[in-house]
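Listed here are the chains, written in short residue letters.
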Amino acid sequence: MQADAAALIGAGLAYGLAAIGPGVGIGIVVGNAVQAMVRQPEMAGQVRTTMFLGIAFTEALALFGLLLFFILFGAA
Amino acid sequence: MTVPILAQIVEVPSNVNHLFDWPAVLPFGINRVVLLMFLATLATFLFLYIPVRTPRVVPSKMGVVVETLVNFVRNGIARDIIGPESAKYEWLLIPMFFWLLFLNLFEITPLIHFPVTSRMAIPAFLAGLVWVTFVFVGLKKHGLSYIKNSVIPPGVPKPLLVLVIPIDFLSTFVIRPISLAVRLFANMIAGHIMLAVFFLTTASYFVFEPKIVAFAIPLAFAIVITAFEIFVAVLQAYIFTLLTAVYIESSINVEH
C-alpha cells in the first residue's frame, strides 16, 4: 500500500516537474522565432522550419515525463 | 426513462489502458488497431495513386491537392533539409508523411476516433526504420569513419573526450530513435486522453446533471481541443518526417 502511494505521488510529480523546463523552453524558442520573423520576414519560412525543429527537441523532454507518468501509474 | 439507458452507454473507464486496449477480432491477433492501420495504408495508396493515375496537362482538383502536398514534402522537407541528394530518400519520406498523416487524423475522424499511432508498435517500427536508414546511409557514404566522426565532435580537447564520446554515442544512436518514437506516441496518447476526458465529462453531465450550464463548458473545451488535435496530427506527421530528413542529412554531412 505504502509503495503504491509513493508510486502515485511520484507519477504526479514526474509529469508536473517534467513540464516546467520544456514549458519555459518552448516559450523561449517561439518567442525568439517570432522576433526573427519580424526582423527578417524574407527568412520566415526557414525560421519556421527551425522553430518546429527546436520545439520538437524541447518537447521530447516533457513527453518523457508523460511516459514516466504512465510507467509509474502502471506500477502502482 | 431514457436516463438509465444513457447511463449504460456512458462507460467510465477504470484505467487509462482501457482506452487503448482492443480485443482481437480476427486470427493472428488482428484487432481494431491493425485493421485501421491497413485502412490507412489503403488510403495512402489510393490518395497518392488515383488522382494522378492518368497524366493530364491540367490536373483534376484532387490531383492539384496531391501534387501540392507531395511538392511540399519533396521541396519543403526533403530538398530544403537534405540538399541536392534528396531525391534518393523520397521513397521513404513521402509515403511515411502521408501514412502518418492518415494514422494521426484517425484521432478526430468521425466513427473512428482512435489515433493508431498511440500504440507504441507503429512509432517504434518507423523509428527503427529511420535508424537503420540513417546508419546505413552514413556507413555507406563514409565507411567506419562515420561512427568515429559522429561521436567525436571537432575541436574538443583530448581529456574531455572521455566524457564526450559516451554522451555523443548515446545521443546519436540510442536517444535519437527513442525520442523520435516517443514524441509521436506521447503526443497522440495525450491528445486521445484529453479528448476522452472532455467528451466523457460532457456525457456524464448530460446524463446525470442535464442542465445546459453543466455540460456546455466541457463540450466547448472538447470542440476546441478537437480543432487543436487536427493541428497536432498534421504537425506531428510533419515533425516526424522533418526529423527523419535531418537525421539523414546529419549522416551525409557528418564532418561538420
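Residues numbered from 1 in each chain as written. Chains lettered and ligands numbered in written order. Predicted model: local features only at pLDDT ≥ 70, side-chain atom pairs only at ≥ 80, totals over all residues. Heavy atoms only, no water.

Q: Mind laying out unusual backbone geometry, listing which residues take part and the relevant values?
A: Residues and elements named next belong to chain B. Positive phi values are uncommon outside glycine, yet phenylalanine 28 reaches one of about 65°. Structurally, the position occupied by phenylalanine 28 is in the loop between helix H1 (2-9) and helix H2 (32-49). On the accessibility criterion, phenylalanine 28 (83% relative accessible area) is exposed. Although it is not a glycine, leucine 111 sits at a positive phi angle of roughly 75°. Counting through the fold element by element, leucine 111 comes out in the loop between helix H4 (90-105) and helix H5 (121-142). Among the residues examined, leucine 111 registers a relative accessible area of 83% and is labelled exposed. (Helix = DSSP H or I, 4+ residues; strand = E, 2+ residues; numbered from the N terminus. Buried < 20%, exposed > 50% of the residue type's maximum accessible area, 1.4 Å probe, protein only.)

Q: I'd love a proper account of the interface of chain B and chain A, names of residues and values included.
A: Taken together, the contacts link 20 residues of chain B with 13 residues of chain A. At the boundary of chain B with chain A, total buried surface from both sides reaches about 1400 Å², with 83% on carbon and sulfur atoms. Where chain B touches chain A, the interface holds zero salt bridges. Applying the counting criterion to the chain B and chain A interface returns one residue pair in polar contact (both at pLDDT 80 or more). Of all the elements in the fold, those that place two or more residues in the side of chain B that touches chain A are helix H7 (161-208) and helix H8 (212-252) of chain B. Here the side of chain B that touches chain A takes 10 residues from H7(B), the largest share from any one element. For the side of chain B that touches chain A, a count of residues per class yields 16 nonpolar, three polar and one charged. (Contact = heavy atoms within 4.5 Å. Buried area = accessible area lost by both parts, 1.4 Å probe. Salt bridge = Lys/Arg side-chain N within 4 Å of Asp/Glu carboxyl O. Polar contact = N/O pair within 3.5 Å; in protein donor to acceptor, adjacent residues only side chain to side chain. Nonpolar A, V, L, I, M, F, W, Y, C, P; charged D, E, K, R; others polar.)

Q: So, the packing of helix H2 (residues 44-75) of chain A against H8(B): which residues are in play, and what are the values?
A: Packing of H2(A) against H8(B) brings their axes to within 10 Å, and their N-to-C directions diverge by 95°. Judged on the interaxial angle alone, H8(B) and H2(A) are roughly perpendicular. Contact with H2(A), carried on its side by Thr49(A), Phe52(A), Leu53(A), Ala56(A), Phe57(A) and Glu59(A), involves Leu235(B), Gln236(B), Tyr238(B), Ile239(B), Leu242(B), Leu243(B), Val246(B) and Tyr247(B) of H8(B) and no other residues of that element. In terms of residue class, the contact of H2(A) with H8(B) is made up of 11 nonpolar, two polar and one charged. (Axes fitted to C-alpha atoms, helices over the stretch in contact; angles between N-to-C directions. Parallel < 35°, antiparallel > 145°, perpendicular 65-115°, else oblique.)

Q: Run through the packing of aromatic side chains, naming residues and quoting values.
A: Enumeration over the complete set of coordinates arrives at 16 aromatic pairs over all chains. Seen in terms of ring centroids, Phe69(A) and Phe70(A) are 5.5 Å apart; in terms of plane orientation they differ by 65°. Their pairing is edge-to-face. Aromatic side chains Tyr146(B) and Phe173(B) sit 6.1 Å apart centroid to centroid with 90° between the ring planes, which places their arrangement in the edge-to-face category. Residue Tyr146(B) is located in helix H6 (residues 145-151), and its partner Phe173(B) is located in helix H7; the two are separated by 27 residues in the primary sequence. Like Phe173(B), Tyr146(B) is buried. (Phe/Tyr/Trp six-rings, centres within 6.5 Å; stacked < 30°, edge-to-face > 60°.)

Q: Can you break down the environment of Phe20(B) residue by residue, with the values?
A: All names here are of chain B. The residue phenylalanine 20 is located in the loop between H1 and H2 in this model. Residue phenylalanine 20 is classed as buried on the basis of its relative accessible area of 6%. Through-space distance from the C-alpha of phenylalanine 20 to that of alanine 190 is 12 Å; in sequence the pair is 170 residues apart. When residues no more than four places from it in sequence are discounted, the contact partners of phenylalanine 20 are Phe114, Ser118, Arg119, Ile189, His192 and Ile193.

Q: Which residues make up the nonpolar core, and what values do they have?
A: Core analysis: the largest hydrophobic core is formed by 73 residues, its most contacted members being Tyr238(B) and Phe240(B). Here this core takes 13 residues from H8(B), the largest share from any one element. Apart from the residues within four sequence positions on either side, Tyr238(B) is in contact with Thr49(A), Phe52(A), Phe72(B), Ile77(B) and Phe97(B). (Core = buried A, V, L, I, M, F, W, Y, C linked by side-chain atoms within 4.5 Å.)

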